[in-house]
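Fold and contact review
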Amino acid sequence: VKNMSKNSISFFTQEMKEEFLTRINVEKQLKTALLNKEFKLYYQPQFDMKTGKIRGFEALLRWINKDLGLVSPMIFIPIAEEIGIINDIGEWVLKEACRQYKEWNINNSFRGIISVNISPIQLKTNNFYNTVSDVLEETGIESGCLELEITENLFIDALEPAKILLNKLIELGVRISLDDFGTGYSSLSYLKSLPIDTLKIDKSFIKNTTYTGVEREITRSVIELVRKIGLETIAEGVENDKQLNFLYKSFCDNIQGFLTGKPMPPEQVVKIIEQGKVD
Ligand code: C2E
Ligand code: CA
Ligand code: CA
Ligand code: CA
């Protein structure tokens, strides 16, 4: 048996083998993560550029597993989508974010926005609308305080059904935000036809505004056009003063990034709210 492995042709490199085993292990652990209460939401502040006050917080999912440690959502969200458990996780996220918001709202009369990331798979599930309206009812938060962050992927193969659903959600009063703008395929004219309130300009744009002139011009025009069609703008991934100044001069409505606040646990959010950085 020992010899066999030596002589047999292996399709996998050692690296591939390790990757495969890690993946199997991540899947296994992920299936029980919700039950074992291994998820936690962090919150990153979004600042209104005009007032300098907090516009709202984006909820960002964190998974802390005893074997794997802290796993990035960039790794586990795609896996959760693939193995069919994103709906359960997503529903937990939505409920937890709204429950948390209500707590801030009562104790500190915080009236900003809570933004929640929604996977396209959740949006394509029949009862998503009911899930949202149930969560709003259960937690008792005003629908106008909840913002759903979606991505352009949603529109690729089923534009009309997606539009119908988003319109229903907007009728319910929730806000719709288009995440990672600039990384997908959509043109600005096409944007006008979509039921969205807010547009988040992807970090790759913001990053490039630090140095190169052409990128700055592109980003400036994007912000201008988005404002012209009546959408609110949020720049994400703002890391330095140079970017901040540029975005201020370009009339970007809001900023979000490490410069003004990293994603933080709820305990820390309470402190910020108490410091009076919000209305
Ligand atoms: P995203 O929605 O685009 O979230 C922004 C990501 O950028 C977050 O990474 C955030 O921590 C990071 N970020 C914030 N400010 C800066 C900055 O100044 N510089 C840089 N380089 N990065 C910054 P995170 O938390 O690791 O999340 C990664 C992605 O995972 C998210 O990207 C989102 O697509 C997904 N995700 C996170 N939470 C959820 C969730 O609850 N549901 C779903 N479906 N997806 C989620
Ligand atoms: Ca997001
Ligand atoms: Ca984003
Ligand atoms: Ca993203």
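Just above sits the structure.
Remember, predicted model here, so these are calculated numbers, not experimental data.

Quick notes on the environment of Glu81
Following the sequence through the fold, Glu81 ends up in helix 3 (residues 73-82). Other than its neighbours up to four places away in sequence, Glu81 contacts Ile86, Ser119, Pro120 and Ile121. A polar contact is formed between the side chain of Glu81 and the side chain of Ser119, at a distance of 2.8 Å.

A word on the site of ligand 1
Taken together, the neighbourhood of ligand 1 is formed by 21 residues, with Arg62, Asp179, Lys203, Glu239 and Phe258 sitting nearest. At 3.0 Å, a side-chain N or O of Gln44 approaches a nitrogen atom of ligand 1. Protein chains bury 83% of the 800 Å² of accessible surface belonging to ligand 1 in isolation. A molecule is said to occupy a pocket when more than half its atoms come within 2 Å of that pocket's grid points, and by this definition ligand 1 occupies the largest pocket. Every element with two or more residues in the shell around ligand 1 is listed here: strand 2 (54-65), helix 3 and strand 6 (175-181). In terms of residues, the shell around ligand 1 owes the most to one element, strand 2, which gives four residues. Here the residues of the shell around ligand 1 sort into nine nonpolar, five polar and seven charged.

Side note on the coordination of the calcium ion (ligand 3)
Here the calcium ion (ligand 3) is held by Asp179 (OD), Asp180 (OD), Glu236 (OE) and Glu236 (OE), and the distances to it run 2.3 to 2.4 Å. Positions of the donor residues of the calcium ion (ligand 3) along the chain correspond to the pattern D-D-x55-E. Metal-to-metal, the separation of the calcium ion (ligand 3) and the calcium ion (ligand 2) is 4.0 Å; Asp179 coordinates the two. Placement of Asp180 in strand 6 and of Glu236 in strand 8 (residues 232-236) is noted, with a sequence separation of 56 residues between them. Overall, Glu236 belongs to the buried group, its relative accessible area being 7%.

Some details on unusual backbone geometry
When glycine is set aside, most residues are seen to have a negative phi, and most peptide bonds are trans. Backbone geometry places Lys37, a non-glycine residue, at a positive phi of 55°. Residue position: Lys37 is located in the loop between helix 2 (14-33) and strand 1 (39-48). Non-glycine residue Asp180 carries a positive phi angle of around 55°.

Criteria and cut-off values
Residues numbered from 1 in each chain as written. Chains lettered and ligands numbered in written order. Predicted model: local features only at pLDDT ≥ 70, side-chain atom pairs only at ≥ 80, totals over all residues. Heavy atoms only, no water. Helix = DSSP H or I, 4+ residues; strand = E, 2+ residues; numbered from the N terminus. Contact = heavy atoms within 4.5 Å. Polar contact = N/O pair within 3.5 Å; in protein donor to acceptor, adjacent residues only side chain to side chain. Near = heavy atom within 4 Å. Areas by Shrake-Rupley, 256 points an atom, 1.4 Å probe, with all protein chains shown as cover. 1 Å grid on protein atoms, 1.4 Å probe; cavity = no way out; pocket = protein on both sides within 12 Å on 5 of 7 lines; lining within 4 Å. Sits in = over half its atoms within 2 Å of the grid points. Nonpolar A, V, L, I, M, F, W, Y, C, P; charged D, E, K, R; others polar. Donors = N, O, S within 2.8 Å, 3.2 Å for Na, K, Ca; no water. Buried < 20%, exposed > 50% of the residue type's maximum accessible area, 1.4 Å probe, protein only.

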